[in-house]
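A structural walkthrough
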Amino acid sequence: MSRAQISALVFGVGGFGALVAATTSNEWKVTTRASSVITATWVYQGLWMNCAGYIQACRGLMIAAVSLGFFGSIFALFGMKCTKVGGSDKAKAKIACLAGIVFILSGLCSMTGCSLYANKITTEFFDPLYVEQKYELGAALFIGWAGASLCIIGGVIFCFSISDNNKPPRMGYAYNGATSVLSSRTKYHGAEGDFKTTNPSKQFDKNAYV
C-alpha cells in the first residue's frame, strides 16, 4: 500500500467535498444593511440567485469542477494499489495518473471560477462610480479556493506516484569480482607462457634449415 497514494486520495476527496460545499453555498458574496442603529441585516448571494453573465460562467466552471472531482475520485479508487480492481500494476499506474490529471483539471476549474467571481466583487466594491449595493467576499469563495488547492495537490501526488509502480524490483546477486580478476590473470599468463614456449621452437626450426 503506497502512502503517497493514500495522502493523494485524502487530498483529492477532501477537495472534492469542499468544491461541493462551495458550489451549493449561498455565501459567495455578503453585505450588511443597517436597518436601525442597533440591528443589522446580513445579505448573502450565491451562484443560484442571479442570472448575470459572469455568474453563469462561474456556475459552469464550478459544475465542471464538481463533475471532474467525482470522476477523479472514482479513478483514484481503481488506481490504488490496495484495491483488487483495476488490473495489473501497470494498468493501475495509468489509472492513478489519469485520476491525478482529472483532479488537477477540477482544481483549475474551481480556481478559475472563484477567482472570476471574486474579481467582479472587488471591482464593484472599489469602483467609486458604482452606485448599487456593494458586496464583500463570502466564505464560499475561500472554501472553493481551499478545495481547488487540495485537488491540485492530490492530483500532482497521483501523477508522481506512477514512478513508484514502474520501479523494477531489486535483484540480489553475489560479488564475484575477485575470482573473475584472478581467473583472467591466470588465463593471460597461461597464454603468455604458451607464446614463450612455442616461439623459440619456431626460431630453431628456421636456423636448422639454414
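Each value, and the rule that gives it
Residues numbered from 1 in each chain as written. Predicted model: local features only at pLDDT ≥ 70, side-chain atom pairs only at ≥ 80, totals over all residues. Heavy atoms only, no water. Helix = DSSP H or I, 4+ residues; strand = E, 2+ residues; numbered from the N terminus. Buried < 20%, exposed > 50% of the residue type's maximum accessible area, 1.4 Å probe, protein only. Contact = heavy atoms within 4.5 Å. Patch = residues over 30% accessible without salt bridge, like charges linked within 9 Å, V, L, I, M, F, W, Y side chains within 5 Å. Areas by Shrake-Rupley, 256 points an atom, 1.4 Å probe, with all protein chains shown as cover. Salt bridge = Lys/Arg side-chain N within 4 Å of Asp/Glu carboxyl O. Axes fitted to C-alpha atoms, helices over the stretch in contact; angles between N-to-C directions. Parallel < 35°, antiparallel > 145°, perpendicular 65-115°, else oblique. Left-handed = near helix turned anticlockwise from the far one by under 90°. Nonpolar A, V, L, I, M, F, W, Y, C, P; charged D, E, K, R; others polar. Phe/Tyr/Trp six-rings, centres within 6.5 Å; stacked < 30°, edge-to-face > 60°. Lys NZ or Arg CZ within 6 Å of the ring centre and 35° of its normal. UniProt positions renumbered as here; feature names shortened; annotations may be inferred.

On to the overall build of the protein chain. Secondary structure summary: the protein chain contains 6 helices and 3 strands in total. Going residue by residue from the N terminus, the α and β elements of the protein chain occur as α-β-β-α-α-β-α-α-α. Here the protein chain, with 210 residues, has 30% of them falling under the buried criterion. Counted over contacts in the protein chain with a minimum sequence separation of 6, partners at least 24 positions apart contribute 72%.

Moving on, we get to a nonpolar patch on the surface. A cluster of nonpolar side chains, Phe70, Phe71, Ile74, Leu77 and Phe78, forms an exposed patch at the surface whose accessible area comes to about 450 Å². Secondary-structure assignment places Ile74 in helix 2 (residues 53–79).

This next bit is on the packing of helix 1 (residues 3–24) against helix 4 (residues 139–160). Relative to each other, helix 1 and helix 4 sit at 155°, their axes nearing to 7 Å. Between helix 1 and helix 4, the interaxial angle falls into the category roughly antiparallel. As for the relative orientation of helix 1 and helix 4, their crossing is left-handed in sense. Split into classes, the residues belonging to the contact of helix 1 with helix 4 amount to 16 nonpolar, 8 polar and no charged.

Moving on: the packing of aromatic side chains. Within the structure shown, the criterion is met by 6 aromatic pairs. Pairing Trp28 with Tyr117 gives two aromatic rings, centres 5.1 Å apart and planes at 65°, and the pair type is edge-to-face. With a gap of 89 residues between them, Trp28 in the loop between helix 1 and strand 1 (29–33) and Tyr117 in helix 3 (residues 89–125) connect regions that are remote in the sequence. Like Trp28, the residue Tyr117 is buried in the burial classification. Considering the side-chain rings of Phe70 and Phe71, the 5.6 Å spacing of their centres and the 75° angle between planes classify their relative orientation as edge-to-face. Overall, the relative accessible area of 46% leaves Phe71 in the partly exposed class. Through successive ring pairs, a cluster of aromatic residues spans Trp28, Tyr54 and Tyr117. Directly above the ring of Tyr135 sits Lys29, whose terminal nitrogen or CZ lies 4.5 Å from the centroid. Over the aromatic face of Tyr54 sits the side chain of Lys120, whose NZ or CZ is 5.5 Å from the ring centroid.

The next thing to look at is the UniProt feature "transmembrane region" (unreviewed entry) in the protein chain. Here the UniProt-annotated "transmembrane region" (unreviewed entry) positions come out as residues 6–24, 61–83, 95–118 and 138–162. Structurally, residues 95–118 is divided into 100% helix and 0% strand, and its ends, taken at the C-alpha atoms, are 35 Å apart.

This paragraph deals with the pattern of salt bridges. Scanning all chains against the criterion turns up 1 salt bridge. The salt bridge involving Lys120 is made with Glu124; its shortest N-O contact spans 4.0 Å. Of this pair, Lys120 and Glu124 are both found in helix 3, 4 residues apart, which corresponds to roughly one turn of the helix. Glu124 gets classed as buried once you look at its relative accessible area, which sits at 15%.

Let us now look at the packing of helix 2 against helix 3. Here helix 2 crosses helix 3 at 160°, and the two axes come no closer than 8 Å. One element, helix 2, and the other, helix 3, form an angle in the roughly antiparallel class. With respect to the hand of their crossing, helix 2 and helix 3 are arranged in left-handed fashion.

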